[in-house]
Amino acid sequence: MRSSNPVFSRRGFSRDGSAGFQAGQPQAGNPYAAQAGNPYAQAQPGLGHAPAPAAPRTDRMTMDDVVSRTAMTLGTVVLTATAAWILNVGLGIAIVALLVAFGLGMWQSFKAKASPPLIIAYAVFEGVFLGAMSNYINTYAPGAAMQAVIGTMAVFGAVLFLYKSRIIRVNARFARFAIAAGIGYGILCLVNLGFALFGAGDGWGFRTGTIGILMGIAGVVIASLFLALDFKQVEDGIAYGAPREEAWLAAFGLTMTLAWIYFEFLRLAWILNSSD
């Protein structure tokens, strides 16, 4: 679950930078196995040259831990988004909230350990941004917010089904492709931001019309790949005996990805409704 690259360290990577995709082979790439350099190992000295097995951990991450932490982070996003909608928060505050959420997200990504207050703070500002933008877009495209919610739930359910049925196989090649696609998409978004700042596309850059629809679909697909990586992170963490605090990192990754998918659907709904 950890990587030498802190930006991608939350998506199934071991400390040596290699992907931890050896489920069922706990010693061949398990970052939580009892081996040299593993900060989570609890090996005990043995007799002679045969070290004794590690003592069972009493603070291992479970699915219940992941579900409860994710419910807290997503619940915070929903509550603050609802408040921003009701209070009719303006776009200026929404942009500030987005920048703060981005900074907090990067801060957590580069931290060695999970910080629950930092993750919850990220969820607060992310919720303010999404709620304000949802309210704004829904004014010009009624029903866009609900369509985005339904689309996000559908993608989550579909990716979970495909992952659990092993139709999607998350391995090292899959991870490299997803990360490369994510970086490419991020660069494209930065280019679009530059166009938007100069007023292109009525302030939306080329995220309008047919090009905007294609970019939105690409964003949903790429975010879905990252959602599969999040599922792999959770599966590996439970199988390898990750410490309970790692559940916060799993919740953080899931919240970021679902927020990304929701916003892509929100923009798609706005484009499609405004073209009617």
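As the structure is a prediction and not an experimental result, all values here were calculated from the model.

Q: Please clarify how helix H2 (residues 91-110) should be interpreted in this entry.
A: The α-helix advances 3.6 residues per turn, and as a result positions three or four apart in sequence lie on the same side. Its 20 residues place the ends of H2 29 Å apart at the C-alpha level, agreeing with the 28 Å of an ideal helix rising 1.5 Å per residue. Those residues of H2 not exposed but buried are Ala94, Ala97, Ala101, Leu104, Gly105, Gln108 and Ser109. One side of H2 carries all its buried residues, which in axial view fall inside an arc of 135°. Among the exposed residues of H2, those oriented more than 90 degrees off its buried face are Gly92, Leu99, Phe102, Trp107 and Phe110.

Q: Explain the pattern of salt bridges to me, please; I cannot follow it from the model alone.
A: Once their charged atoms are close, side chains differing in charge can pair, the charge on each being opposite to the other. For the structure shown, the criterion picks out six salt bridges. For Lys232, the salt bridge is made with Glu235, and the minimal N-O distance between the two is 3.9 Å. With a gap of three residues between them, Lys232 and Glu235 both fall in helix H6 (residues 209-240), about one helical turn apart. Judged by relative accessible area, Glu235 falls into the partly exposed class, the value being 24%. The partner of Lys232 in a salt bridge is Asp236, with the nearest N and O atoms 3.4 Å apart. With a gap of four residues between them, Lys232 and Asp236 both fall in helix H6, about one helical turn apart. When its relative accessible area of 6% is taken as the criterion, Lys232 is described as buried. A single network of salt bridges, built from pairs that share partners, joins Arg166, Lys232, Glu235 and Asp236.

Q: Sorry if this is basic, but what is going on with the side chain of Thr255 here?
A: Along the chain, Thr255 turns up in helix H7 (residues 246-274). By relative accessible area, which is 2% here, Thr255 ends up buried. If sequence neighbours within four positions are ignored, Thr255 has contacts with Thr73, Leu74, Val77 and Tyr122.

Q: Is there a simple way to explain the packing of aromatic side chains in this structure?
A: Summed over the entire model, instances satisfying the criterion amount to seven aromatic pairs. By way of ring pairs, the aromatic residues Phe156, Tyr163 and Phe231 are connected into one cluster. Between the NZ or CZ atom of Arg166 and the centre of the ring of Tyr163, over which it lies, the distance is 5.0 Å.

About the thresholds
Residues numbered from 1 in each chain as written. Predicted model: local features only at pLDDT ≥ 70, side-chain atom pairs only at ≥ 80, totals over all residues. Heavy atoms only, no water. Helix = DSSP H or I, 4+ residues; strand = E, 2+ residues; numbered from the N terminus. Expected span 1.5 Å × (residues − 1). Buried < 20%, exposed > 50% of the residue type's maximum accessible area, 1.4 Å probe, protein only. Arc of directions from axis to C-beta. Salt bridge = Lys/Arg side-chain N within 4 Å of Asp/Glu carboxyl O. Contact = heavy atoms within 4.5 Å. Phe/Tyr/Trp six-rings, centres within 6.5 Å; stacked < 30°, edge-to-face > 60°. Lys NZ or Arg CZ within 6 Å of the ring centre and 35° of its normal.

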